[in-house]
Amino acid sequence: MQDAVTSLIKNYDRTGRYLDRDALDQLKSYFATGTVRVQAAGVINSNAADLVKQAALALFEEVPELIRPGGNAYTTRRYAACLRDMGYYLRYATYALVAGDMDVLDERVLQGLRETYNSLSVPVGPTVFGIGILKALVTQQVAAAGLPTGDYLEQPFDHLIRELS
Ligand code: CYC
């Protein structure tokens, strides 16, 4: 598991280079957004349960067949598994947001996920759609807290969406 700093150092160490202008620019931009990343994580943390619940409700409203007989989120066990998965996406996106690096998502969330979903017929399209809803809700909450939004905040969700799609 890596963050923006360790992954940059690892890169430079591999080739025995001093930190050049490019590296310093990357570090500066990471540290410049550091406080905001931590504050955004705080906003997510204090609204996490609600964010997950709202995102799932919006997803089931958009794709109601998921919770009808024959749907993949039908039965309480599977409904709960779906909410739990949405919670995983939100929690790990927060880690990646603070780390400024997507490595934690690759290593802890995405590895083998598609195969697992395929084997259980968990539909990937609606899952991706649900992650998009989470992203929109998080952006709304963070903006409402008076913090800047944008690429730094959307990156983890976009990474999950891109890798799962
Ligand atoms: C199941 N989701 C699973 C399973 C895994 C994950 C491993 C199979 C094992 C289990 O049921 O617990 C996902 N586990 C993860 C992830 C991590 C992990 C991401 C990283 C921390 O450890 N069904 C839908 C919706 C969607 C959904 C579109 C919710 C967005 O229709 C999710 N995931 C879903 C469901 C199951 C599942 C319903 C249970 C499927 C079954 O057992 O038939």
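Computed from a predicted structure; not experimentally measured. (Residues numbered from 1 in each chain as written. Predicted model: local features only at pLDDT ≥ 70, side-chain atom pairs only at ≥ 80, totals over all residues. Heavy atoms only, no water.)

Asks: Which parts of the structure should I look at to understand the packing of aromatic side chains?
Replies: Aromatic rings in a pair are described by how distant their centres are and how their planes are angled relative to each other. By the definition in use, this model includes three aromatic pairs. Residues phenylalanine 60 and tyrosine 79 carry aromatic rings whose centres are separated by 5.0 Å and whose planes lie at 40 degrees to one another, so their mutual orientation is tilted. Of this pair, phenylalanine 60 sits in helix α3 (residues 34-62) while tyrosine 79 sits in helix α4 (residues 76-99), and the two are 19 residues apart along the sequence. For tyrosine 79, a relative accessible area of 28% gives the class partly exposed. With a centroid separation of 5.2 Å and an interplanar angle of 80 degrees, the aromatic rings of tyrosine 92 and tyrosine 95 are classed as edge-to-face. Of this pair, tyrosine 92 and tyrosine 95 are both found in helix α4, three residues apart, which corresponds to roughly one turn of the helix. Taking the relative accessible area as the measure of exposure, tyrosine 92 reaches 16% and is therefore buried. Residue placement shows arginine 17 over the ring face of tyrosine 12; its charged tip is 4.0 Å from the ring centre. (Phe/Tyr/Trp six-rings, centres within 6.5 Å; stacked < 30°, edge-to-face > 60°. Helix = DSSP H or I, 4+ residues; strand = E, 2+ residues; numbered from the N terminus. Buried < 20%, exposed > 50% of the residue type's maximum accessible area, 1.4 Å probe, protein only. Lys NZ or Arg CZ within 6 Å of the ring centre and 35° of its normal.)

Asks: Help me understand the nonpolar core, please; the structure alone is not making it clear to me.
Replies: Most often, soluble globular proteins keep nonpolar side chains buried together rather than apart. Tyr89, Leu90, Leu105, Val138 and Val142 are the most contacted members of the largest nonpolar core, which totals 44 residues. Looking at this core, the elements that each hand over two or more residues are α3, α4, α5 (103-110), α6 (113-119), α7 (124-144) and α8 (151-164). Among all residues touching tyrosine 89, those that are not within four sequence positions of it are Val109, Leu113, Tyr117, Thr127, Ile131, Leu134, Leu160 and Leu164. (Core = buried A, V, L, I, M, F, W, Y, C linked by side-chain atoms within 4.5 Å. Contact = heavy atoms within 4.5 Å.)

Asks: Explain the site of the ligand here, please?
Replies: In the vicinity of the ligand lie 23 residues, with Asn72, Arg77, Cys82, Arg84 and Asp85 positioned nearest. Arginine 77 places a polar side-chain atom, nitrogen or oxygen, 3.0 Å from an oxygen atom of the ligand. Aspartate 85 is positioned with one of its side-chain polar atoms (N or O) 2.8 Å from a nitrogen atom of the ligand. Isolated, the ligand exposes 880 Å² of accessible area, and the fraction of that covered by the protein chains is 81%. If one sorts the elements of the shell around the ligand by residue count, α4 sits on top with ten residues. (Near = heavy atom within 4 Å. Polar contact = N/O pair within 3.5 Å; in protein donor to acceptor, adjacent residues only side chain to side chain. Areas by Shrake-Rupley, 256 points an atom, 1.4 Å probe, with all protein chains shown as cover.)

Asks: So what exactly am I meant to see when it comes to the packing of α4 against α7 here?
Replies: Viewed as axis vectors pointing N to C, α4 and α7 meet at an angle of 50 degrees, and their least axial separation amounts to 11 Å. Here α4 is positioned oblique relative to α7, judged by the angle of their axes. Every pair of crossing elements has a handedness; the one defined by α4 and α7 is right-handed. For the pair formed by α4 and α7, the contact residues are Met86, Tyr89 and Leu90 on the first element and Thr127, Gly130, Ile131, Leu134 and Val138 on the second. Among the residues making up the contact of α4 with α7, the classes are represented as six nonpolar, two polar and no charged. (Axes fitted to C-alpha atoms, helices over the stretch in contact; angles between N-to-C directions. Parallel < 35°, antiparallel > 145°, perpendicular 65-115°, else oblique. Left-handed = near helix turned anticlockwise from the far one by under 90°. Nonpolar A, V, L, I, M, F, W, Y, C, P; charged D, E, K, R; others polar.)

Asks: What exactly am I supposed to notice about unusual backbone geometry here?
Replies: With glycine set apart, most residues show a phi of negative sign, and most peptide bonds adopt trans. The residue threonine 75 is not glycine, and still its phi comes out positive at about 90 degrees. Along the chain, threonine 75 falls in the loop between α3 and α4. A relative accessible area of 35% places threonine 75 in the partly exposed class. Even without a glycine there, the phi angle at serine 121 is positive, about 55 degrees. Its place among the elements puts serine 121 in the loop between α6 and α7. The exposure class assigned to serine 121 is exposed, which follows from its relative accessible area of 54%.

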